[in-house]
Amino acid sequence: MKDQVVKLLAALGYTEITANDQIILAFALQKVENFVKNEINWNSIPKGLEEVVVCRVIGEFLLSKKTFSPDELAMLDLSAETVKQIQAGDTNFVLGVGEGADTDQKRLDTFINFMLSYGADQFGAFRKIRW
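Residues numbered from 1 in each chain as written. Predicted model: local features only at pLDDT ≥ 70, side-chain atom pairs only at ≥ 80, totals over all residues. Heavy atoms only, no water.

**Let's talk about the pattern of salt bridges**
Side chains that differ in charge, positive against negative, can pair when their charged atoms come close. For clarity, the threshold we go by: Salt bridges are defined as contacts in which a side-chain nitrogen from Lys or Arg sits within 4 Å of a carboxyl oxygen from Asp or Glu. By definition, any uninterrupted DSSP run of H or I lasting at least four residues is a helix, any uninterrupted run of E lasting at least two residues is a strand, and each is numbered from the N terminus. Burial classes: relative accessible area under 20% of the type maximum marks a residue as buried, over 50% as exposed, and values in between as partly exposed (1.4 Å probe, protein chains only).
Under the counting rule described, the total for this entry stands at six salt bridges. Residue Lys66 is joined to Asp109 by a salt bridge in which the shortest nitrogen-to-oxygen separation is 3.0 Å. Highlighted residues: Lys66 in helix α3 (residues 50–68) and Asp109 in helix α4 (residues 104–117), separated in sequence by 43 residues. A relative accessible area of 25% means that Asp109 is categorised as partly exposed.

Dropping the structure here:
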C-alpha cells in the first residue's frame, strides 16, 4: 500500500519523498492500518478497504507536513479555479458557491479533512462482532 500512497502523492504534485517523509509515511501507514483493523475487528486490512487506508494515510501525511514543515507543501498546486456556472441556451447551472474566496490554505484544509475521514461509511460492511 505504501507504493500506492507514494504514487498518489506524486499525482497530487508531491514528488520529492525524502528520508524523513519515508519515516512519516511508515508511521502514518501503521497508525491508519491499526485504526481500521480496530474499527472492523479484523487482523488484516481487507481488499475492499485498501483505498480507504491509502486516502487516510495521505491525509495523515499532509496534516503532519502542514503542521511541522508547511513550506514543503509549496509544490502542491492549490490555485485551481472551479467552474461556477454553465449556461446553454436558456438553461443555467450554478455549480460553485461563493466567488472563489477560498484561499490555498482553506483548500488544503478541506482536502486533508476529506482524506482523514474518507471511507468511514464503508467500515460497517466489513465489521465483525467482538466477543
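After that view of the structure, there is still more to cover.
**Points about the side chain of Asp21**
Defined as follows: Contact between two residues is taken to exist if any of their heavy atoms lie within 4.5 Å; hydrogens are not considered.
Structurally, Asp21 can be placed in helix α2 (residues 19–40). Ignoring sequence-local partners within four residues, the contact set of Asp21 consists of Tyr14, Glu16, Phe61, Lys65 and Glu72.

**Some words on the packing of helix α1 (residues 2–12) against α2**
Axis angle and axis distance: for two packed helices, these are the angle between their axes and the distance between the axes, and together they describe the pair. Cut-off, in case you're wondering: To define axes, lines are fitted to C-alpha atoms, for helices over the stretch in contact only, and angles between the resulting N-to-C directions are given on a 0 to 180 degree scale. Throughout this description, any angle smaller than 35 degrees is read as roughly parallel, any larger than 145 degrees as roughly antiparallel, any in the 65 to 115 degree range as roughly perpendicular, and the remainder as oblique. Left-handed describes a crossing whose near helix is turned anticlockwise from the far helix by less than a right angle; the clockwise case is right-handed. For this scheme, ten residues count as nonpolar: Ala, Val, Leu, Ile, Met, Phe, Trp, Tyr, Cys and Pro. Four count as charged, namely Asp, Glu, Lys and Arg, and the remainder, Gly too, count as polar.
Between α1 and α2, the least distance of the axes is 11 Å, while the angle of their chain directions is 120°. Considering the angle they form, α1 stands oblique to α2. Taken as a pair, α1 and α2 cross one another with a handedness that is right-handed. Residues Lys2, Val5, Val6 and Leu9 of α1 pack against Gln22, Leu25, Ala26 and Leu29 of α2. Residues of the contact of α1 with α2, tallied by class, amount to six nonpolar, one polar and one charged.

**With respect to the packing of aromatic side chains**
Threshold: Note on aromatic contacts: the rings of Phe and Tyr and the six-membered ring of Trp form a pair at centre separations within 6.5 Å, being stacked when their planes are under 30 degrees apart, edge-to-face when over 60 apart, and tilted otherwise.
Counted by the stated rule, this structure contains four aromatic pairs. A centroid spacing of 6.2 Å and a plane angle of 65° characterise the contact between Phe35 and Phe123, whose relative ring orientation is edge-to-face. Highlighted residues: Phe35 in helix α2 and Phe123 in the segment after α4, separated in sequence by 88 residues. Judged by relative accessible area, which is 37%, Phe35 ranks as partly exposed.

**Regarding the packing of α1 against α3**
Where α1 contacts α3, the axes come no closer than 10 Å and their chain directions differ by 60°. The orientation of α1 with respect to α3, classified from their angle, is oblique. Of the two elements, α1 crosses α3, and the hand of that crossing is right-handed. In this structure, α1 uses Gln4, Val5, Leu8, Leu9 and Leu12 to contact α3, whose residues at the interface are Val54, Val57, Ile58, Phe61 and Leu62.

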